[in-house]
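Structural features, examined
Residues per chain, in single letters:
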Amino acid sequence: MPTVNGHIDSPLASRILSKDFYEPFMSQLSKRRIEDPIRALLPLEDRPGVISLLAGKPNAETFPITAMQFTLRDPVSNEEVVVPLTEQELARGLQYGSSAGLPDLNDWLIGLQEHSHGRKRGEGWGLCFGTGSSDLIYKVCNALLDPGDVAMIEAPVYAGVVPMFHNTGCTMIEVGGDAHGTDTKGLREMLVNWPVDKPKPKVLYTVPYGCNPTGVTSTLERRLEVLELARKHNFLIMEDDPYYYLYFGDAPRPPSYFTLERDQPEVGRVIRFDSLSKVLSSGMRIGFLSAPQPILDAVILHTITSNLQPPTITMVLSLRLLKEWGYDKLRAHVDRVAQFYHAKRDVFERLMHKYLDGLAEWNTPEAGMFFWFKLNNLTDSEALIRTKALENGVLALPGTVCHPDARKTAYVRAAFSLLAEDQADEGLRRLRDVIVAAQKEAVSASA
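Presented here is a report on the structure given in the accompanying data block. (Residues numbered from 1 in each chain as written. Predicted model: local features only at pLDDT ≥ 70, side-chain atom pairs only at ≥ 80, totals over all residues. Heavy atoms only, no water.)

Details of a nonpolar patch on the surface
We count it as follows: Only residues whose relative accessible area exceeds 30% and that form no salt bridge are eligible for patches; like-charged ones are grouped when within 9 Å, while nonpolar side chains (Val, Leu, Ile, Met, Phe, Trp, Tyr) are grouped when within 5 Å. Reported accessibility uses the Shrake-Rupley method at a 1.4 Å probe radius. Residues are deemed covered only where the shown protein chains occlude them. What makes a salt bridge here is a side-chain nitrogen of Lys or Arg within 4 Å of a carboxyl oxygen of Asp or Glu, nothing more. Numbering of helices and strands runs from the N terminus, with a helix taken as a DSSP run of H or I at least four residues long and a strand as a DSSP run of E at least two residues long.
A cluster of nonpolar side chains, I38, L41, L44 and L54, forms an exposed patch at the surface whose accessible area comes to about 310 Å². Along the chain, I38 falls in helix 2 (residues 37–41).

Comments concerning the packing of helix 5 (residues 133–144) against helix 10 (residues 293–305)
This is how the line gets drawn: Only the contacting stretch of a helix is used when fitting its axis, a line to C-alpha atoms as for every element, and angles between N-to-C directions run 0 to 180 degrees. Roughly parallel refers to an angle under 35 degrees, roughly antiparallel to one over 145, roughly perpendicular to one between 65 and 115, and oblique to any angle outside these ranges. When the near helix sits turned anticlockwise from the far one by under a right angle, the crossing is termed left-handed; a clockwise turn instead gives a right-handed crossing. Throughout, a residue-residue contact means that at least one pair of heavy atoms, one from each residue, lies within 4.5 Å. Amino acid classes used here: Ala, Val, Leu, Ile, Met, Phe, Trp, Tyr, Cys and Pro are nonpolar; Asp, Glu, Lys and Arg are charged; the rest, including Gly, are polar.
It is the contact of helix 5 with helix 10, at a shortest axis distance of 9 Å, that shows an interaxial angle of 110°. With respect to helix 10, the element helix 5 is oriented roughly perpendicular. In the crossing of helix 5 with helix 10, the sense of the turn from one axis to the other is right-handed. Contact residues: L136, Y138, K139, V140, N142, A143 and L144 in helix 5; I295, A298, V299, H302 and T303 in helix 10. Grouping the constituent residues of the contact of helix 5 with helix 10 by class yields eight nonpolar, three polar and one charged.

A look at the environment of A179
For A179, the position within the fold is in the loop between strand 8 (177–178) and strand 9 (181–182). For the pair formed by A179 and P365, sequence separation is 186 residues and the distance between their alpha carbons is 9.3 Å. Sequence-distant contacts of A179, defined by excluding residues within four places in its chain, comprise V216, T217 and N363.

Let's talk about the packing of aromatic side chains
So the rule is basically this: Only Phe, Tyr and Trp rings are paired, with Trp represented by its six-membered ring, and only when their centres lie within 6.5 Å; those with planes under 30 degrees apart are stacked, over 60 edge-to-face, the remainder tilted. Note on geometry: a ring has a charge over it if NZ (lysine) or CZ (arginine) is within 6 Å of the ring centre and within 35 degrees of the ring normal.
Overall, the coordinates contain 14 aromatic pairs when judged by the stated rule. Taken together, Y209, Y244, Y245 and Y247 form an aromatic cluster joined through their ring pairs. We note R272 situated over the ring of Y244; from NZ or CZ to the ring centre the distance is 5.2 Å.

Description of the packing of helix 12 (residues 382–391) against helix 13 (residues 421–446)
Helix 13 packs onto helix 12 with a crossing angle of 120° between their chain directions and a minimal axis gap of 10 Å. Judged by the angle between their axes, helix 12 and helix 13 are oblique. Considering the relative orientation of helix 12 and helix 13, their crossing is right-handed. For the pair helix 12 and helix 13, contact is made by L384, I385, K388 and A389 and by L431, V434, I435, A438 and E441, respectively. Here the residues of the contact of helix 12 with helix 13 sort into seven nonpolar, no polar and two charged.

Everything listed here is a matter of coordinates, which is why it stays silent on function.
Printed below as a string of structure tokens:
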């Protein structure tokens, strides 16, 4: 396809994948789901002049909460501002809402995707809200994967997503990485040499910014190679990006897969998961999915038949906060949050050098909340971390749980987000004592 200055020289509309393209990717479970007849009719209640006898909505006069407000710290002035919900906002927040998310909140988040990723309406994607991005990842796994299907998982991976893929009955294939991100050379070789009698992978799951647990951010070159491989070998990219707004690397932030695919020969292979849980509130569970419409439809139908909808009060509070700030103040806030974790990282790494130099090795994370380090002269961190470290009063995550195949590994994940410097100092000192004892034991055993 011809290009001009590196961009595809053809109209974007002609490059958007058709609805029929996704049919072979959808799971049998997803295809069997049927529509809730009541939910299907609910939008008709908004028609002017309609008197609805449809839904069993409880009468708001019986709800005991009569007023609500919150105090919001301005990210520019640092002043605290009291934000009361209007009577209409509170009534809306306490009542049932849309399974896809409040329309005006979704509209605001679509604008955020344009602000952050340069993606506009009418470019072959839509958006729905979820109860955190984990809710949406689980539902996309169920929408796409049948038993026996193949999912490629960039590993090591966040341990919490492994059960989501496992529960579908799919086969998980690990794709490695290094300090530059996804191992695209290894991925290419695996796909080129894929057995002809086995189904090729449907999806690649990746965390491209501050990957949990490694802290690695994939380079632009690696991202472009993955997009090329997705076209050549016909798989979808599940771009899970909870740490997009926690990037504090020295190099300019690489564009997301969602951004990059706009200038590709095909548009519509990227399924993007976003979260504001790390920058606004983890307990409010603020997640949203940007994806082609057939995948959104499958996720929304799953929501209707499982948890019905995301909590309306969470969506009302989120919308009020975001509208109070606007895009520029949200950006100012997340930049401050990123700098907060940058400082936390620097303190923790200084203490790691103090206690773990010579005992472990690691790469400095460019985003997120974690260090991923390898214990020298040891082959398995599992017993050391689960048993000996805990007995010595320090808790971390053994690396084996970050591999779908549960392989033995000398790696450990340590979170630095919450600890004050004195706690981090003491925790790493305790960990050092355990590592030193284990390494001495290993040397004695091999003598």
